Structures are given as C-alpha cells and as structure tokens.
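Survey of secondary and tertiary structure
Take a look at the letters that make up each chain.
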Amino acid sequence: MNSRAFITGVSGTELSAAEREFIRVERPWGFIIFKRNIETPEQVSYLVRELRNSVGSPDAPVLIDQEGGRVQRFGPPHWPAYPAGAVFGTLYDIDRGLGLTAARLSARLMAADLIDLGVTVDCLPLADVPVAGADAVIGNRAYGTEPGKVAAIARAVTEGLEQGGVLPVLKHIPGHGRATADTHFRLPEVDTSKAELERTDFAAFQPLADLPMAMTAHVVFSALDPAHPATTSATIIEQVIRGVIGFQGLLMSDDVSMNALAGSIAERTRAIVTAGCDMVLHCNGDLGEMRAVARDTPELSGMALKRAERALASRKAPQAFDRQAARAELDALIDQARTAGA
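Nothing here was measured: the structure is a model prediction, and the numbers come from that model. (Residues numbered from 1 in each chain as written. Predicted model: local features only at pLDDT ≥ 70, side-chain atom pairs only at ≥ 80, totals over all residues. Heavy atoms only, no water.)

Scanning the chain from terminus to terminus reveals 12 helices and 13 strands. Here the C-alpha radius of gyration of the chain, 19 Å, is about what a compact globule of 342 residues would show, namely 20 Å. Taken over the C-alpha atoms alone, the chain extends approximately 55 × 50 × 30 Å along its principal axes. Taken across its 342 residues, the chain has 58% of its residues classed as buried. (Helix = DSSP H or I, 4+ residues; strand = E, 2+ residues; numbered from the N terminus. Rg over C-alpha atoms; globule rule 2.2 N^0.38 Å. Buried < 20%, exposed > 50% of the residue type's maximum accessible area, 1.4 Å probe, protein only.)

Next up on the list: unusual backbone geometry. Of the consecutive residues Pro-76 and Pro-77, the connecting peptide bond is found in the cis state with omega at 10°. Residue position: Pro-77 is located in the loop between strand 5 (71-72) and helix 3 (85-94). Omega for the peptide link from Leu-124 to Pro-125 comes to 15°, which places this bond in the cis form. On the secondary structure map, Pro-125 appears in the loop between strand 6 (121-122) and helix 5 (147-163). With phi around 55°, Arg-27 is a residue other than glycine that occupies positive phi space. The topology assignment puts Arg-27 in the loop between helix 1 (17-26) and strand 2 (28-33).

Of the two faces of strand 13 (residues 279-282), the one carrying Met-279 and Leu-281 and the one carrying Val-280 and His-282 are both buried. Note that strand 1 (residues 4-8) and strand 13 share three bridges and pair parallel. The residue of strand 13 that forms the bridge with Phe-6 is Val-280. Where strand 12 (residues 250-255) meets strand 13, two bridges bridge the pair, whose relative direction is parallel. Each bridged residue has a counterpart across the sheet, and for Met-252 the counterpart in strand 13 is Met-279. In this fold, the crossover linking strand 12 to strand 13 by way of helix 9 (residues 265-275) has right-handed handedness. (Pairing = 2+ DSSP bridges. Right-handed = clockwise from strand over helix to strand, strands pointing away.)

Our focus in this paragraph is helix 2 (residues 41-55). Here helix 2 spans 22 Å end to end across 15 residues, near enough to the 21 Å set by a 1.5 Å rise per residue. Buried residues along helix 2 sit against helix 1, strand 2, strand 3 (62-64) and helix 4 (96-117). Phi for Gly-56, located one or two positions after helix 2, is positive at around 75°. (Expected span 1.5 Å × (residues − 1). Contact = heavy atoms within 4.5 Å.)

Of all six residues making up strand 12, six are buried, and the element is well covered by its neighbours. Where strand 10 (residues 213-216) lies against strand 12, three bridges are found, and the strand directions are parallel. The partner of Met-215 across the bridge, within strand 12, is Met-252.

For the rest of this paragraph, the subject is helix 9. Each full turn of the α-helix corresponds to 3.6 residues, which orients residues three or four apart in the same direction. By the burial criterion, the buried members of helix 9 are Ile-265, Ala-266, Arg-268, Thr-269, Ile-272 and Ala-275. Buried residues along helix 9 sit in contact with helix 8 (234-244), strand 12, strand 13 and helix 10 (287-295). Positive phi appears at Gly-276, one or two residues downstream of helix 9, with a value of about 120°.

So, about the nonpolar core. Ile-33, Phe-74, Val-119 and Ile-173 are the most contacted members of the largest nonpolar core, which has 90 residues in total. No other element matches helix 4, which puts 10 residues into this core. Sequence-distant contacts of Phe-74, defined by excluding residues within four places in its chain, comprise Ile-33, Ile-38, Val-44, Ile-64, Gln-66, Trp-79, Pro-80, Leu-114, Leu-117 and Val-119. By size, the runner-up hydrophobic cluster in this structure holds 21 residues, among which are Ala-5, Ile-32, Cys-123 and Leu-281. (Core = buried A, V, L, I, M, F, W, Y, C linked by side-chain atoms within 4.5 Å.)

Attention now goes to the packing of helix 3 against helix 5. Remark: helix 3 packs on helix 5, axes separated minimally by 11 Å, with the N-to-C direction vectors making an angle of 110°. By the angle between their directions, the pair helix 3 and helix 5 is classed as roughly perpendicular. As helix 3 packs across helix 5, the resulting crossing turns out to be right-handed. Where helix 3 abuts helix 5, its residues Phe-88, Gly-89, Tyr-92 and Asp-93 lie against Lys-149, Ala-152 and Ile-153. (Axes fitted to C-alpha atoms, helices over the stretch in contact; angles between N-to-C directions. Parallel < 35°, antiparallel > 145°, perpendicular 65-115°, else oblique. Left-handed = near helix turned anticlockwise from the far one by under 90°.)

As structure tokens, this is what we get:
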C-alpha cells in the first residue's frame, strides 16, 4: 500500500495514542521534527523509531531543518553549535577553497549528528540570493549575494550531507532572497522582471537541479504569476522550476500552515497538489490540521511516486571519517572567518 503524499510533524517529544493511530491510518510518506520534539539524544532516537514503527516503514524519511546559525533544531548542550551560512561566504571571499571546505565539513559533521539519531533528511542547502531591502528571514542563512558563489557553496554543503548518509533538500526554489516579508506571517510579492530573476535568483538553483529533493518558496513573482505564490502556481512549477531551472527531483511545499498561504488548510493542500507539488509539508503538529491535510492529499503515485523512490534510492551509506579531526578543522576555519569580520 502506497503512502500518502504528505510529510507531517507531531506535537511533542513522544507520540500520543491519537497521533500513533493517525499515522497508522493515513500513512504519511515522511516526518519532520522540530525543537518541540527534542530533549535528549536517547529520546529523539526513540521518537524516530516510534514514527517509523507507526507508519510500518523502517525506511520512512525523517526530516529536520538543521542549517547552523539561528536555524538549528539540534544544539547545545547535547549537540554542537554550527555556523550560519554567511560564514562560508566570508571564507570563500578570502579563499574559495577554504569556504568550500568549511561548508563541506560543517554539513558532514551535522550529517553525523543526524544519522546517530536516525534522521535521514536535512532541509539544506539554501540557494536563496538575498538583496538589499529584503526581509531578514533569510539574512545570514544565505551563502552570499552572487549566484555562482551561492551555488558553489550549496554544492559543497550537499556533498557533506551525502557523504554522511543524509539526503539534501534544496530550498527555497525558485528563490526566497528577494522576499520583503517573513512567509511565516504574510505573503511577500516580488516585482522583479523575469530576465533579472533568471540572471540572479534562478541562476543559483540551476547548477543544483540534480539534487533529489527541493522545497518551494511561498513567494509571489508578479512577472510570472501575479495571482499565486510559487508553491501553488502551476505556471511557476512547470515553466520555471521544472523548465528554466530544470529541477526534476521530488518537489515538496514549504509548510502548508504558514500564514503566507490563503484559505483553509484543506484549500491550501488542494492548491499545492493541483499546482504540481509532489509532496505537501505540514509542520506544526496540530492534529486537526494534520487530518485536514491527509483528507485532501492523494496517494503517492505516477511521477511523484517515481521521484520519491529515486530520492530515497539516492541516499548513500555514510563514509568513514574522523569526527574529532573534522571538528577541529572546522573550528579553525570559523575562527579565521571571525577574524575577517563574519
């Protein structure tokens, strides 16, 4: 029996009986965990096993947003702190090789943390290219403001994750860098011309089009579709994400519960599926909303199923590495970036 085409969060550090039954009946393709779900390594490992046992799939993907900087779900005291993406950009400007090495090391170390817990997917790298005047929601999460640099660092991050046995999720396609609002709260509209978007925002994603998964941006690009954000725009998904950028992997929405999207949760879910997203992402752990998403999400089938299967099949076994030496090297590079003013 196939999964349904959604990824769900849960409310706390352990599953309630109602959540366990919901997962058993509705069969989400995967899960995503947040700080509210995290206490200790032992507790997280148990929760991850519970999620997979409840859905009856030992290989069900478990996702997390673990970027470093201010977007880091696992952190001290149980896990190390990691640098924000801008640190790699600073090092890249000093020496391209240093920036790429630091990005790769950081991702490799984060992957080791995740795999220890059974978490197999990281919503990383970002290929967003911020501009002056944009909302700070991206800010120092970005690797830089030049598309080639952003793509190069994103590729190094991808390599680090993959070497550690963790699947990457490219975000926020086709670009969140120009957004003038935080999509958790309201819908931003970008008025930039198509030609300029192709030269900058989309150009950062094109070299990464081979990644197995990507997450959409809840952003309106008025030059492309003035009526819908990318997440619910068939035009943008078909012509830009699948067309101009050339991404052919599994496409998931950003969180369906964000206030950037209009309508009820059910209406949003239908709009996401109709537009051409392969997977609906729901994050906040509200069981009523989870049920609404499940009711309006189809079974995973057709090209969406093939993309999901390809994505999971692309995950590699972790490569051996010296974690202590890698951490020492990364710390030395971070110190160099700080000296340079990152």
